[in-house]
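# Tertiary structure, described
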Number of protein chains: 2
Amino acid sequence: MENFTFRNATKIIFGKDAENYVGTETARYGSKVLLHYGGGSIKNYGLYDRVLKSLKDAGLEIIELGGVQSNPRLSMVKKGIDICRKEKVDFILAVGGGSVIDSAKAIAAGVTYNGDVWDFYTRKAVPEKIIPLGVVLTIPAAGSETSGASVITKEEGSYKRAFESEMLRPKFAILNPEISYTLPPYQTACGVSDIMAHVMERYFTRVQNVDLTDRLCEATLETVIGNTPLVLKKPNSYQARAEIMWAGTIAHNDLLGTGRIGDWASHGIEHELSGIYDIAHGAGLSIIFPAWMKYVYKQDVERFAQFAVRVWNVEADFKNVEKVAFKGIKRLEEFYKKIGLPITLKEANIPYDRLEEMAEKCTEGGPRGNFVRLDKNDVLEILMLAR
Amino acid sequence: MENFTFRNATKIIFGKDAENYVGTETARYGSKVLLHYGGGSIKNYGLYDRVLKSLKDAGLEIIELGGVQSNPRLSMVKKGIDICRKEKVDFILAVGGGSVIDSAKAIAAGVTYNGDVWDFYTRKAVPEKIIPLGVVLTIPAAGSETSGASVITKEEGSYKRAFESEMLRPKFAILNPEISYTLPPYQTACGVSDIMAHVMERYFTRVQNVDLTDRLCEATLETVIGNTPLVLKKPNSYQARAEIMWAGTIAHNDLLGTGRIGDWASHGIEHELSGIYDIAHGAGLSIIFPAWMKYVYKQDVERFAQFAVRVWNVEADFKNVEKVAFKGIKRLEEFYKKIGLPITLKEANIPYDRLEEMAEKCTEGGPRGNFVRLDKNDVLEILMLAR
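Residues numbered from 1 in each chain as written. Chains lettered and ligands numbered in written order. Predicted model: local features only at pLDDT ≥ 70, side-chain atom pairs only at ≥ 80, totals over all residues.

In terms of regular secondary structure, chain A is built from 15 helices and 8 strands. Relative to the globule expectation of 21 Å for 387 residues, the C-alpha radius of gyration of chain A, 20 Å, shows essentially globular dimensions. Overall size of chain A, expressed as C-alpha extent along the three principal axes, is 65 × 45 × 45 Å. Buried residues in chain A amount to 56% of all 387 residues. Sequence-distant contacts, at least 24 apart, represent 77% of the contacts inside chain A between residues at least 6 apart. (Helix = DSSP H or I, 4+ residues; strand = E, 2+ residues; numbered from the N terminus. Rg over C-alpha atoms; globule rule 2.2 N^0.38 Å. Buried ≥ 20, exposed ≤ 12 C-beta atoms within 10 Å, placed from the backbone. Contact = placed C-beta atoms within 7 Å.)

Attention now goes to the domain arrangement of chain A. Residue and element names in this part refer to chain A. Split by domain assignment, chain A resolves into domain 1 (11–179) and domain 2 (183–385). Just the C-alpha atoms count here: the centres of domain 1 and domain 2 sit 26 Å apart. At the interface, 19 residues of domain 1 touch 25 residues of domain 2. Among the elements of the structure, strand 1 (4–14) and strand 7 (159–164) are those that each provide at least two residues to the side of domain 1 that touches domain 2. (Domains from an automatic or database assignment.)

Looking now at the interface of chain A and chain B. Often the size quoted for an interface is simply the accessible area lost on bringing the parts together. On the chain B side, the residues contacting the 31 residues of chain A number 32 residues. Elements with a contribution of two residues or more to the side of chain A that touches chain B: strand 1, helix 8 (211–233) and helix 9 (238–250) of chain A. It is helix 8 of chain A that provides the largest number of residues to the side of chain A that touches chain B, a total of 11 residues. Of the residues that constitute the side of chain A that touches chain B, the class distribution is 14 nonpolar, 9 polar and 8 charged. Pairing of strand 1 of chain A with strand 1 (residues 4–14) of chain B involves 7 bridges; the strand directions are antiparallel. When the bridges of strand 1 of chain B are listed, A:Phe14 appears paired with B:Phe4. (Nonpolar A, V, L, I, M, F, W, Y, C, P; charged D, E, K, R; others polar. Pairing = 2+ DSSP bridges.)

This part takes up the confidence of the model for chain A. Summary statistics for chain A give a mean pLDDT of 96 and a share of 100% for residues scoring 70 or more. On the interface metric, ipTM, the complex scores 0.96, and its pTM is 0.97. (pLDDT = per-residue confidence, 0-100.)

The strand order 3(A)-2(A)-4(A)-5(A)-8(A)-1(A)-1(B)-8(B)-5(B)-4(B)-2(B)-3(B) describes an open sheet built from 12 strands, whose pairing is mixed. Among the strands making up the open sheet, the edge pair consists of strand 3 (61–65) of chain A together with strand 3 (61–65) of chain B. Direction aside, neighbouring strands of the sheet carry axes that sit 25 degrees apart on average. Of the strand pairs in this sheet, strand 5 (residues 133–137) of chain B and strand 8 (residues 172–175) of chain B are connected by 4 bridges, and their pairing is parallel. Note on strand 8 of chain B: the bridge partner recorded for B:Leu137 is B:Leu175. (Axes fitted to C-alpha atoms, helices over the stretch in contact; angles between N-to-C directions.)

With that settled, consider helix 5 (residues 98–110) of chain B. Between its terminal C-alpha atoms helix 5 of chain B stretches 18 Å, which fits the 18 Å expected from 13 residues at 1.5 Å a residue. The buried fraction of helix 5 of chain B is high, at 13 of 13 residues. (Expected span 1.5 Å × (residues − 1).)

What follows covers the relation of the copies chain A and chain B. In this structure, two copies of a chain are linked by a rotation about an axis accompanied by a shift along it. Under the fitted operation, chain A is carried onto chain B by 0.0 Å of movement along the axis and a turn of 180 degrees, and the coordinates agree to an RMSD of 0.0 Å. On this basis, the relationship between the two copies can be described by a two-fold rotation axis. For chain A, the smallest separation between a C-alpha atom and the rotation axis is recorded for A:Ala9, amounting to 2.1 Å. When the interface residues of chain A are mapped onto chain B, 100% of them are again interface residues, pointing to one common binding face. (Least-squares fit on C-alpha atoms with pLDDT ≥ 70 in both.)

As a further point, take helix 12 (residues 301–312) of chain A. Residues and elements named next belong to chain A. The end-to-end C-alpha distance of helix 12 is 15 Å, a good match for the 16 Å that 12 residues give at a rise of 1.5 Å each. Along helix 12, the residues classified as buried are Phe 304, Ala 305, Phe 307, Ala 308 and Val 311. Buried positions in helix 12, seen along its axis, are confined to an arc of 165 degrees and lie on one side of it. In the core, the buried residues of helix 12 are packed alongside helix 7 (185–203), helix 8 and helix 13 (321–338). A positive backbone phi angle near 55 degrees is found at Asn 313, which sits one or two residues after helix 12. (Arc of directions from axis to C-beta.)

Moving on to the pairing of strand 8 of chain B. All names here are of chain B. Covered by surrounding structure in strand 8 are Phe 172 and Ile 174 together with Ala 173 and Leu 175, the residues of both alternating faces. With 4 bridges joining them, strand 1 and strand 8 adopt parallel strand pairing. Within the sheet, the bridge partner assigned to Lys 11 lies in strand 8 and is Phe 172.

Counting 255 residues, the largest nonpolar core has A:Ile92, A:Val95, A:Ile174, B:Ile92, B:Val95 and B:Ile174 as the members making the most contacts within it. The residues contacting A:Ile92, other than those within four sequence positions of it, are A:Leu34, A:His36, A:Ala104, A:Ile107, A:Ala108, A:Ile131 and A:Leu133. (Core = buried A, V, L, I, M, F, W, Y, C linked by C-beta atoms within 7 Å.)

In terms of backbone geometry, most residues other than glycine have negative phi values and most peptide bonds are trans. Residue and element names in this part refer to chain A. In this structure, Arg 123 takes a positive phi of about 65 degrees despite not being glycine. You can see Arg 123 is positioned in the loop between helix 6 (118–121) and strand 5 (133–137). Judged by the 10 C-beta atoms lying within 10 Å of it, Arg 123 is exposed. You will see that Trp 264, though not glycine, has its phi angle at about 75 degrees, which is positive. The residue Trp 264 is located in the loop between helix 9 and helix 10 (265–277) in this model.

To continue, consider the packing of helix 14 (residues 355–362) of chain A against helix 15 (residues 376–385) of chain A. Residues and elements named next belong to chain A. At their nearest, the axes of helix 14 and helix 15 sit 8 Å apart, and the two run at 140 degrees to each other. Between helix 14 and helix 15, the angle is such that the two are oblique. Remark: the crossing between helix 14 and helix 15 carries right-handed chirality. Between helix 14 and helix 15, the residues in contact are Leu 355, Glu 356, Met 358, Ala 359, Glu 360 and Cys 362 and Lys 376, Val 379, Leu 380, Leu 383 and Met 384, respectively. Looking at the contact of helix 14 with helix 15, its residues break down into 8 nonpolar, no polar and 3 charged. (Parallel < 35°, antiparallel > 145°, perpendicular 65-115°, else oblique. Left-handed = near helix turned anticlockwise from the far one by under 90°.)

The next point concerns the environment of A:Tyr121. Residue and element names in this part refer to chain A. If you trace the backbone, Tyr 121 turns up in helix 6. Accessibility expressed as a C-beta count within 10 Å gives 23 for Tyr 121, which makes it buried. Considering only alpha carbons, one finds Tyr 121 and Asn 71, 50 residues apart in sequence, at a separation of 14 Å.

On to the packing of helix 8 of chain A against helix 9 of chain A. Residues and elements named next belong to chain A. Where helix 8 contacts helix 9, the axes come no closer than 9 Å and their chain directions differ by 145 degrees. The hand of the helix 8/helix 9 crossing is left-handed. Where helix 8 abuts helix 9, its residues Thr 220, Thr 223, Val 224, Asn 227, Thr 228, Leu 230 and Val 231 lie against Ala 240, Arg 241, Glu 243, Ile 244, Ala 247 and Ile 250. Its residues placed into classes, the contact of helix 8 with helix 9 shows 7 nonpolar, 4 polar and 2 charged.

This part covers the environment of B:Gly226. Residues and elements named next belong to chain B. Its place among the elements puts Gly 226 in helix 8 (residues 211–233). Residue class for Gly 226 comes out partly exposed when judged on the 15 C-beta atoms lying within 10 Å of it. Separated by 14 residues in sequence, Gly 226 and Ala 240 place their C-alpha atoms 8.9 Å apart.

Structure follows, in structure tokens:
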């Protein structure tokens, strides 16, 4: 186990009608709120009205900025920063999934920064102070509701980049599983894929003797794997939706990574995919992760075998560890397929003509991944395996 | 799953030499520190010198109050409150295990309260403001390093009572597994028993559909069960000590109880035992928990069977669920015995002449437990089963 520091102070308010607390929670931190959201789904469900009522009941002034797209854009972030400065906004409320939250985080960090907010994403600067933000979550997936990370796409050059800071953790996250009832099956499955990826990025580590966090990771994966078919069959199952929503937060609040060094190459490669092709992040991950696994599993075949046995109930066979390991990867692929996700570039209608460009961009800041360090050629090989 | 609110903002600093951060962390909150500790072990290990150096290097003024006993006493708390008021202490640093931390919490809450600090423990008052506190942990057991709970014994009448408040959570907890190397086997085992009890109190719930937290509980128990024999065999095993120390915190930081209603009757009954006989809390729990299980398992035999199969690797036998359930309880007892803990009152040399008095005191505030509500007679039955 590695030395670590862990603190996650985001207040979770979880359950039915939890969104009705948004006004009182927000009023602890600000008086003039930027209400940030995406497309129309927030309005369809009636969530918009309830959030607005709660904010107004708490005496808050509200400025709205809707229209965040998936793979959230830098141009929207800049628009948000301008509005916040002009209107002297002192709190940002994200009502949405990871894209909206990540956009809100970027705005929160950018408002008080004199330079270009993109500097944070290119490591040219680190934020010294940010505006506080809160979340009403609509899509269990990104885990951004308690994480200290934000991923933004710069349209010019199709760069999708992440930045992390403890300051980015929201003050509160409101999680009502009922809000996820109306998520279509494909979007639900993409969310599940993202949740699982957050766990697997941490699970595949070279750090030895990480029993507790291994088991917590396995527990989270098993829960998601068990509840996803229930949710797809019965979208209004409160219990199954609740399991997936809470798992989505646990998967990415950094607890599961304590004492470990995560890999994160698959996320890096996927960002190139969705940066260019605007494919859903979860669908990109279901393509990249199995290919990555096939390329790297020999680094620690026993860890992959443990994954197969403990998470996928592959029968333990200690005379054929590699076979066991490979069965685990196969089960993961079968699971992705079963829930309607692509596992090849072909299935996602992604052409093969820009693989080298993606490998190049992915590694332009240096090799990727910690489980195995991947250079441009390695990334290209993985993309070829994903065809 | 039940609705819940969860926030645990304690900053964890975990790993080798972590105590060297105590000065800079403390200096964030105060300038005059009450250094609170127990017996001589803190000095033997050299920890005292390192903590003192770190505090002094950070420019802090230090007032010392050592001598906290296990089952910490109200008289010591009052002494600490007097000192803090007189010396205008603005931060309390607990260096020790659960007893020292609980004593520090009581002092922190009492300093700013005009009445008797015992009022918090009898529910006559709730604290409005407390002095901030921090922890350097020496014994993985109580989980008090991130919990919002404190348990104090009032000598007059031998009352051992708990009180909870979100305010009681320490600002930081410094966890260096090396510090636990010198813990004797019996104290190590008692700590393990306490850790397991914190998980089991949450695990045995009547709330249905709690997959994720079930599995997180099981993961924590399996880790502790697997690493305890290693630690007893090789007290200086950093890796095994680290697993147990981190598990001890996770077990009681409230994450594992999210969406559930825990039971806590066994803790209540044990408090009567250790309130009168001054037995180690963990040893009291290894006596009470199996007896409690035998008395209540019929309430949800399937849950007990799940516990047996998933935690204790009892073979699943769906035609004989009760048998499976009972085997799990037996395995728990065998584990306690293996690590040197008593599983009967007799083994702990506790006479049977005050069982009724304990049952009476335990339930004087009303029935105990949520998995099964226990009145005085139920508690007496459990104590009889524990003979």
